[in-house]
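Spelled out from the first residue to the last, the chains are:
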There are 2 protein chains.
Amino acid sequence: MASSRYRDIAEQLAAEIAGLAPGTRIEGEHEIAERFGVGRAAARAALQELERRMLVRRVQGVGTFTSRRIDYLISPHQPPSWSRTVNAANSHSRAVIRSCEVVNLVDEIAAVLGRVPGDPGHRLRRRSFIDDLPAAWGIEWIPTDVIGDLATPLRLFDSLDRVLRELAGVTLRRAWARASLETTPFELADELGTSPGDPVWYVESLNEDAETGRLLCFTQRWLRADAIRLIMETGWAGTAPARGGAGAHARISAAVGPDQPVRLPAGPRP
Amino acid sequence: MASSRYRDIAEQLAAEIAGLAPGTRIEGEHEIAERFGVGRAAARAALQELERRMLVRRVQGVGTFTSRRIDYLISPHQPPSWSRTVNAANSHSRAVIRSCEVVNLVDEIAAVLGRVPGDPGHRLRRRSFIDDLPAAWGIEWIPTDVIGDLATPLRLFDSLDRVLRELAGVTLRRAWARASLETTPFELADELGTSPGDPVWYVESLNEDAETGRLLCFTQRWLRADAIRLIMETGWAGTAPARGGAGAHARISAAVGPDQPVRLPAGPRP
DNA sequence: CAGTGGTCTAGACCACGGG
DNA sequence: CCGTGGTCTAGACCACTGG
């Protein structure tokens, strides 16, 4: 069954909200139930469908609002910066420091950073917002030999990228990164404003100085999948991915639709 | 509110099915409603929660079954092969050819493959299965100068990787890849067995010969997010990601839990 | 055909957030 | 306080799959 009342409603609502600015308030469950002449359960199902498609965000006691994802490109050719990524999408970025202290790096972290276990390093935990909505939470590890005092300058600039560039005289570049889609860990549900089990990105990233290759910073970060459209690229310098981003994607995807899949005589049954 | 009846039920069911083999049938909505003494709506909500967490797969008219995701690593250091990935997870891989024909490469595809627009190439469309469940659908473009006849050998070996290696004498290596999480396009819902709007991976990948660097194959592929745990790595040869995969991830993640987030005096309000 | 999940109603009470 | 979304019941009918 491809059609049902709540799907039809979701479809119509999706079309209606397509042109609205992100964050616009839309009708609630009761209003939709009345407007379309259905019970509240069906209206609710329609809105949940939109939430599942990451087109709206619903907050208990407040309402339902249009939403969109911000493109976040992780690529060897792209310097890492949360604030620049968010600002490039014409949204407002903000980071809140949850803790910032100097610790002795445990074995795994020290090894990744090419330091000796027990070496001192900053452990910075931050929550990041897009237009005042929680979108990310992460830990950053920066050996103290990169920068001595981190907490003070971070009160002035949200951007770690900027602090390191201006005060430590280094330029961040990704050495490597690894990303996967997970479900919200129980301990992070509050920080991210999600329910345990909601989809989130988990990203590990090691950054080095673009000029010297010195290892500077190791990051573990969780990103709300409904807030971030993560795009990840691998590739060597000589063979960068075709440019054009979503545009190229859309054009190429168009090649899918036209003709029907064909069963070859010798093919096994689907 | 962190607790509710259906969440508790979902939690208990999650614990119960944790040890079961993938594909095991579990109780239906009616049975769960009876067992826990709740209405069918609550029982249904619990099962939907498990489905959202990608722990079960539900099929109308058939039942509810335990499920798991297969790790699929895309990395410059990892040769691309669907069948080897699936087999490595002790699952059975199968591919069904939906169409295979020689076409004139359109501009975008020809450009990506470093060929002249209009050059002949195979357009191969396949549906891939994991343990006989649809998991992926994709288009592969292979210039005819790489291999003349593709349809015939593919009837013998499901694996394009293997066909090219044994008949064209080339070894596939990723030149670049790009992945993002999308919602199922309407046209692919049937092929993937998902509903439009369900989360799927979209992966573009260009493959070259590992020895000569000659461009061999361009792939566009959609993968069910509930079937594939895609892990993507960037990185140069000199600085490969820390090894250990999920193990390292788990150990490092453990560093999150212990102590509570701390509000710094000067930090802005969350 | 029986049993599964999918949809839907008409109610009800509750938790939450903002005025 | 009111309105929001969150949970839940007790029913009903339907669509789909398999034997």
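All of these numbers come straight from a predicted model, not from anything done at the bench.

### Some points on the overall build of chain A
A tally of regular secondary structure across chain A gives 9 helices and 11 strands. A sequence separation of at least 24 residues applies to 59% of the contacts in chain A between residues at least 6 apart. Of the roughly 11,900 Å² of accessible surface on chain A, 53% is carried by carbon and sulfur atoms.

### Points about the sheet that holds strand S2 (residues 56-59) of chain A
All names here are of chain A. The antiparallel open sheet is built from 3 strands, whose spatial order is S1-S3-S2. Edge positions in the open sheet fall to strand S1 (25-26) and S2, since each of these has one partner strand only. Here 2 bridges tie S1 to strand S3 (residues 63-66), and the two strands are oriented antiparallel to one another. Bridge pairing in S3 places Arg25 opposite Phe65.

### Some remarks on the packing of aromatic side chains
The tally for this structure, following the rule as stated, stands at 9 aromatic pairs over all chains. Consider the rings of Tyr202 of chain A and Trp222 of chain A, whose centres lie 4.8 Å apart with planes at 50°: the pair is tilted. Note that Tyr202 of chain A is positioned in strand S9 (residues 199-209) and Trp222 of chain A in strand S10 (residues 215-224), a separation of 20 residues in sequence. Across the pair, Trp222 of chain A and Tyr202 of chain A agree in class, each one buried. Measuring from ring centre to ring centre gives 6.1 Å for Trp137 of chain B and Trp222 of chain B, while their planes differ by 50°; the resulting arrangement is tilted. Within this pair, whereas Trp137 of chain B is found in strand S7 (residues 133-143), its partner Trp222 of chain B is found in strand S10 (residues 215-224), the two being separated by 85 residues in sequence. By way of ring pairs, the aromatic residues Trp137, Tyr202 and Trp222 of chain A are connected into one cluster. The ring of Phe129 of chain A is capped by Arg94 of chain A, whose NZ or CZ atom sits 4.5 Å from the centre of that ring.

### Focus on the UniProt feature "domain: HTH gntR-type" (unreviewed entry) in chain A
The UniProt record marks residues 3-69 of chain A with the feature "domain: HTH gntR-type" (unreviewed entry), using the residue numbering of this structure. For residues 3-69 of chain A, helix accounts for 51% and strand for 15%, while the C-alpha atoms at its two ends are 27 Å apart.

### Thoughts on the sheet that holds S10 of chain A
Sheet strands line up and pair through hydrogen bonds in the backbone, either parallel or antiparallel. Pairing is mixed in the open sheet, where 8 strands are placed in the order S5(A)-S6(A)-S7(A)-S10(A)-S9(A)-S8(A)-S11(B)-S4(B). Because the sheet does not close on itself, it has two edges, and the strands there are strand S5 (93-104) of chain A together with strand S4 (70-74) of chain B. Neighbour-to-neighbour, the strand axes of the sheet open up by a mean angle of 15°, direction not taken into account. Bridge count between S9 of chain A and S10 of chain A: 9 bridges; the pairing is antiparallel. Note that in S10 of chain A the partner of Tyr202 of chain A across the bridge is Trp222 of chain A.

### Focus on the side chain of Arg94 of chain B
Residue and element names in this part refer to chain B. Its place among the elements puts Arg94 in strand S5 (residues 93-104). You can call Arg94 buried: its relative accessible area is 17%. Polar contacts involving the side chain of Arg94 include one to the side chain of Asp132, which spans 3.0 Å.

### Thoughts on the side chain of Arg57 of chain A
All names here are of chain A. Within the secondary structure layout, Arg57 lies in strand S2. Within the buried set, Arg57 has no salt-bridge partner at all; the shortest N-O distance to an opposite charge, 4.1 Å, is to Asp226. Those residues in contact with Arg57, other than ones at most four positions away along the chain, are Gly63, Thr64, Phe65, Ser67, Leu133, Pro134, Arg224, Asp226 and Ala227.

### Points about the pairing of S10 of chain B
Residues and elements named next belong to chain B. Most of S10 is tucked away: 10 of the 10 residues are buried. As paired elements, S7 and S10 share 6 bridges and run antiparallel to each other. Residue pairing across strands places Gly138 opposite Arg221, the latter belonging to S10. Following strand S9 (residues 199-209), the chain reverses through 5 residues before pairing antiparallel with S10; Gly213 in that reversal takes a positive phi of roughly 80°.

### Looking at the pattern of salt bridges
Applying the stated criterion to the full structure yields 52 salt bridges over all chains. Measuring nitrogen to oxygen at the nearest pair gives 2.7 Å for the salt bridge that ties Glu27 of chain A to Arg35 of chain A. A residue is classified by how much of its surface remains accessible, and Arg35 of chain A, at 38% relative accessible area, is partly exposed. Put simply, Glu11, Glu49, Arg52 and Arg53 of chain A together with Asp198 of chain B are held in one network by salt bridges that share partners.

### What about the domain arrangement of chain A?
Annotation of chain A at the domain level lists domain 1 (5-66) and domain 2 (70-237). Computed from C-alpha atoms alone, the centre-to-centre distance between domain 1 of chain A and domain 2 of chain A is 34 Å.

Conventions adopted
- Residues numbered from 1 in each chain as written.
- Chains lettered and ligands numbered in written order.
- Predicted model: local features only at pLDDT ≥ 70, side-chain atom pairs only at ≥ 80, totals over all residues.
- Heavy atoms only, no water.
- Helix = DSSP H or I, 4+ residues; strand = E, 2+ residues; numbered from the N terminus.
- Contact = heavy atoms within 4.5 Å.
- Areas by Shrake-Rupley, 256 points an atom, 1.4 Å probe, with all protein chains shown as cover.
- Pairing = 2+ DSSP bridges.
- Phe/Tyr/Trp six-rings, centres within 6.5 Å; stacked < 30°, edge-to-face > 60°.
- Buried < 20%, exposed > 50% of the residue type's maximum accessible area, 1.4 Å probe, protein only.
- Lys NZ or Arg CZ within 6 Å of the ring centre and 35° of its normal.
- UniProt positions renumbered as here; feature names shortened; annotations may be inferred.
- Axes fitted to C-alpha atoms, helices over the stretch in contact; angles between N-to-C directions.
- Polar contact = N/O pair within 3.5 Å; in protein donor to acceptor, adjacent residues only side chain to side chain.
- Lys, Arg positive; Asp, Glu negative; His and termini not counted.
- Salt bridge = Lys/Arg side-chain N within 4 Å of Asp/Glu carboxyl O.
- Domains from an automatic or database assignment.

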